[in-house]
Amino acid sequence: MWNIEDSLELYGIENWGNGYFSINDKGNIVIVPNKDRSQSVDAMDLIEEIERSNDLEFPVLLRFPQILEDRINEITGAFLGAIGEFSYNGTYQPIFPMKVNQRKEVIEYIIKYGEKYRIGLEVGTKAELLAALSLGLPKEALLICNGYKDEDYLRLALSIHNVNNIIIVVDLFEEIHNILRYAEQMGVTPRIGMRLKLFARGSGRWVESGGESAKFGLSTSEALELMRILREKGLLDSLKMIHFHIGSQITDIRTIKNAMNEAARIYAKARKVAHIEYLNVGGGLSVDYNGSNTATPSSSNYTLQEYANDVVYTVQKICEEEEVACPTIVSESGRAIAAYHSMLIFKVIGRKNSKDSLLRAPREEDPIQIDDLCSAFKEINIDNYKEHYHDALQYRDELYDSFNLGNIGLEERAKGETLFWLVCKKAAFLAKQAEDESDEFQELKKLVSQKYIGNFSLFQSVPDMWGVEQIFPTIPLHRLNEMPSERGRIVDITCDSDGEIKRYAGDSEGREYLEMHTLMESEDYYMGIFLLGAYQDTLGDFHNLLGSAHEVHVMAEGGEWYICQKVEGDTCRKLLDFFNYETKDYIWEIMDRCVAKKECIHKKELEQIEAELNRTLKGYTYFITKPNGHSKGKDAENVCGVMKL
Ligand SMILES: *Cc1c(COP(=O)(O)O)cnc(C)c1O
């Protein structure tokens, strides 16, 4: 008997979930935002609540602010733990890099939950700086300015840098001249950091962020020159921070060790000359999206504690060797803080290629190949599936020949295709049972796997799945106490063939197919895509004019859960406005045009057009379904007197 343990294993939930997700006795996914099982959220209860309140359609993005809190606690805890263990003579401060998720609500949660650790922000553009300034960071929290900085950016940062605790990081050598010039003009003493190009490079997808050819950072000679300039101006004390960032999602711990060694050594040498307070180790702490615990691109071969230990230990050791004071360690783990806190819920609204849905009963006058295909379907079993499959291929070819010669009609052709398809499905199933790994049957399995249409946009909600082929766990949210009897892939509702989830969590390479349950007429099938909190919110685009999804923020407390915030997603009107279609007078213009194009138009017809325009403009950009109310592809019926698979 299939049970929830089997589902936990099949979908690898405990491998990628970091303790935030599990399955309850009802077979539903539960979210455990603070890892305390007594405070969990049954995904299906939540879905029911959303359906009942009847104000938001699916897809819906869920956010769990408490997961952000827990991540901040865990990451800071790991560093503080390492500091204790190695008796490190300094402290640690976390930073959240805004580019990972600029959504105001998200940053507000992070600032609130990180306040006790003086969590700060890192910004990379003017707009991000403006956003950060609006959020009332406490004075002790750092605000780090990175990126390409023009005059406006620098002047803004300098003007307010004593109100906020701003450090301007020199990412490109030339910037130092502008910083010093504006600071002098404005009569302020800047606080400066310098970003270093390390020789050690990242590994994995973002390898180009580090190494000698990196886009940002100073070479050793530039760093020396910068210090020389500062000394000359009597501003060496302005140099507060040494920073490096070798890329995101560093999946191999060796890379981190190498970079830390190099950076700590540079810090120590520079510390002998200038009173540098902070060593900022950047981001890169990876998230094990596929749960494989390997150095493959969507995974990670180390734990958070290992990471923190390596950072703290290396700095400690090198500072001791070089006999310099230990810096305050700063890290900018964006992905690791934000990834877990959000997930997308969508409904499966149908299947593609359900070629088996229309089978008519065989008739006397049908060509012989139809009979043969029917027999093949009846007789195929684990011992003879190869033979029967090969026979079926031949019958199908013969049928096509007959059709091309004009000997049979469309109806016979259709019947033959459907039967052939059923034989294929059964053969693939038997090949799987027989653990047949031959190319032929691997291909066949691919061919017969279903495509399920998910009501979401991959480009809007999971852009990295498309852009960098990253894996995000995607699984059914219910019926997990039931054996999944189908396998398939999820496609989204964009008209783009790339809008398909091609890899599923479960092993290091990513599985090609997802095990799913047979869709039922009477019940919606809900799925979730997990770990979407980092980078996906603002990288998402408006392909096919599908807009941002509705959001529901959920808290769990005292054995209960509640929705603490709802944020409405985009309407069609908002999308049109965004792309410069004026929607203010839209309806009137269309109506005018209708009148102009048609000499005599009834008032009733006009009213109808107006009503439909109005409703669609105001509506959600996604496919709108009523709960339980949509039709789905029918399963293969009782064919040739043999039960379906
Ligand atoms: C992108 C970025 C980060 C965040 O990296 P993660 O791998 O998401 O933690 C940190 N620091 C800088 C300078 C960045 O550009």
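Residues numbered from 1 in each chain as written. Predicted model: local features only at pLDDT ≥ 70, side-chain atom pairs only at ≥ 80, totals over all residues. Heavy atoms only, no water.

(A) Summary view of the overall build of the protein chain. When helices and strands are tallied, the protein chain shows 22 helices and 20 strands. Taken along the three principal axes of its C-alpha coordinates, the protein chain extends 100 × 70 × 55 Å. Split into buried and exposed, the 645 residues of the protein chain put 56% on the buried side. For the protein chain, long-range pairs separated by at least 24 residues make up 75% of all intrachain contacts whose partners lie at least 6 apart in sequence. When the accessible area of the protein chain is evaluated, it comes to approximately 28400 Å², of which 49% is carbon and sulfur surface. With 73 positive and 103 negative side-chain charges, the protein chain shows a separation of 4 Å between the mean positions of the two kinds. (Helix = DSSP H or I, 4+ residues; strand = E, 2+ residues; numbered from the N terminus. Buried < 20%, exposed > 50% of the residue type's maximum accessible area, 1.4 Å probe, protein only. Contact = heavy atoms within 4.5 Å. Areas by Shrake-Rupley, 256 points an atom, 1.4 Å probe, with all protein chains shown as cover. Lys, Arg positive; Asp, Glu negative; His and termini not counted. Charge placed at Lys NZ, Arg CZ, Asp CG, Glu CD.)

(B) Structural view of the packing of helix H21 (residues 586-597) against helix H22 (residues 603-618). Two elements in contact, H21 and H22, have axes whose closest approach is 10 Å; the angle formed by their N-to-C orientations is 150 degrees. Considering the angle they form, H21 stands roughly antiparallel to H22. The two elements H21 and H22 cross, and the hand of that crossing is right-handed. Contact residues: Tyr586, Ile587, Trp588, Ile590, Met591, Cys594 and Val595 in H21; Leu606, Ile609, Glu610, Leu613, Asn614 and Leu617 in H22. (Axes fitted to C-alpha atoms, helices over the stretch in contact; angles between N-to-C directions. Parallel < 35°, antiparallel > 145°, perpendicular 65-115°, else oblique. Left-handed = near helix turned anticlockwise from the far one by under 90°.)

(C) Representation of the pattern of salt bridges in the model. Taken as a whole and judged by the stated rule, the model has 45 salt bridges. Across the salt bridge formed by Lys26 and Asp42, the nearest N and O atoms sit 3.9 Å from each other. A residue pair is termed long-range when its members are at least 10 positions apart, and Lys26 in the loop between strand E1 (21-23) and strand E2 (29-31) and Asp42 in strand E3 (residues 41-42) qualify at 16 residues. Given the relative accessible area of 6%, Asp42 is considered buried. A salt bridge links Lys598 to Glu605; its shortest N-O distance comes to 3.0 Å. Residue classification places Glu605 among the partly exposed positions, given a relative accessible area of 30%. Three or more residues are tied together by salt bridges with common partners; here these are Glu443, Lys446, Lys451, Arg489, Glu500 and Glu512. (Salt bridge = Lys/Arg side-chain N within 4 Å of Asp/Glu carboxyl O.)

(D) Focus on the pairing of strand E9 (residues 192-195). A two-sided burial pattern is seen for E9, the buried positions comprising Ile192 and Met194 on one face and Gly193 and Arg195 on the other. Taken together, strand E8 (residues 165-170), helix H8 (residues 175-186) and E9 constitute a β-α-β crossover, and its handedness is right-handed. Sheet analysis places E9 next to strand E10 (residues 239-243), joined by four bridges and oriented parallel. Across the sheet, the residue bridging to Arg195 is His243, located in E10. (Right-handed = clockwise from strand over helix to strand, strands pointing away. Pairing = 2+ DSSP bridges.)

(E) Main features of the site of the ligand. Not every one of the 17 residues close to the ligand is listed here, only the nearest: Lys99, Ser248, Glu332, Gly334 and Tyr535. Gly334 places a main-chain nitrogen or oxygen 2.7 Å from an oxygen atom of the ligand. Protein contact buries 94% of the 390 Å² of open area that the ligand shows by itself. Each residue belonging to the shell around the ligand can be placed in one class, and the counts come to three nonpolar, nine polar and five charged. (Near = heavy atom within 4 Å. Polar contact = N/O pair within 3.5 Å; in protein donor to acceptor, adjacent residues only side chain to side chain. Nonpolar A, V, L, I, M, F, W, Y, C, P; charged D, E, K, R; others polar.)

(F) Examining H21 more closely. Compared with the 16 Å implied by 1.5 Å per residue over twelve residues, the 17 Å span of H21 between its first and last C-alpha is a close match. Those residues of H21 not exposed but buried are Ile587, Met591 and Cys594. The arc that holds every buried residue of H21, seen down its axis, measures 55 degrees, which confines them to one face. Turned more than 90 degrees away from the buried face of H21 sit Trp588, Asp592, Ala596 and Lys597, all of them exposed. Contacts made by the buried residues of H21 are with H22. (Expected span 1.5 Å × (residues − 1). Arc of directions from axis to C-beta.)

(G) Geometry of the domain arrangement of the protein chain. As far as domains go, the protein chain holds domain 1 (4-64 + 342-349 + 450-567), domain 2 (86-332), domain 3 (355-446) and domain 4 (572-618). Averaged C-alpha coordinates put domain 2 and domain 4 at centres separated by 52 Å. (Domains from an automatic or database assignment.)

(H) A look at the packing of aromatic side chains. One pass over the full model with this rule turns up 21 aromatic pairs. Ring centres 5.5 Å apart and planes at 65 degrees place the aromatic pair Phe58 and Tyr526 in the edge-to-face group. Remark: Tyr526 occurs in strand E18 (residues 525-529) and Phe58 occurs in the loop between helix H3 (43-53) and strand E4 (60-63); sequence separation between them is 468 residues. Comparing Phe58 with Tyr526 shows no difference in burial state: the two are buried. Seen from their ring centres, Tyr109 and Tyr113 are 6.4 Å apart, and the 15 degrees between their planes marks the pair as stacked. With Tyr109 and Tyr113 both in helix H5 (residues 104-114) and four residues apart, the pair spans about one turn of that helix. A relative accessible area of 7% places Tyr113 in the buried class. (Phe/Tyr/Trp six-rings, centres within 6.5 Å; stacked < 30°, edge-to-face > 60°.)

(I) Spotlight on the sheet that holds strand E11 (residues 278-280). Spatially, E5-E6-E7-E8-E9-E10-E11-E12 is the arrangement adopted by the eight strands of the closed barrel, whose pairing is parallel. For this sheet the average axis-to-axis angle between neighbouring strands, irrespective of direction, equals 25 degrees. Where strand E7 (residues 142-145) and E8 come together, four bridges link them in parallel fashion. By the bridge assignment, Ile144 is partnered in E8 with Ile167.

(J) Spotlight on the sheet that holds E1. Read from one edge of the open sheet, three strands run E1-E2-E3, paired in antiparallel fashion. The outermost strands of the open sheet, each flanked by one partner alone, are E1 and E3.

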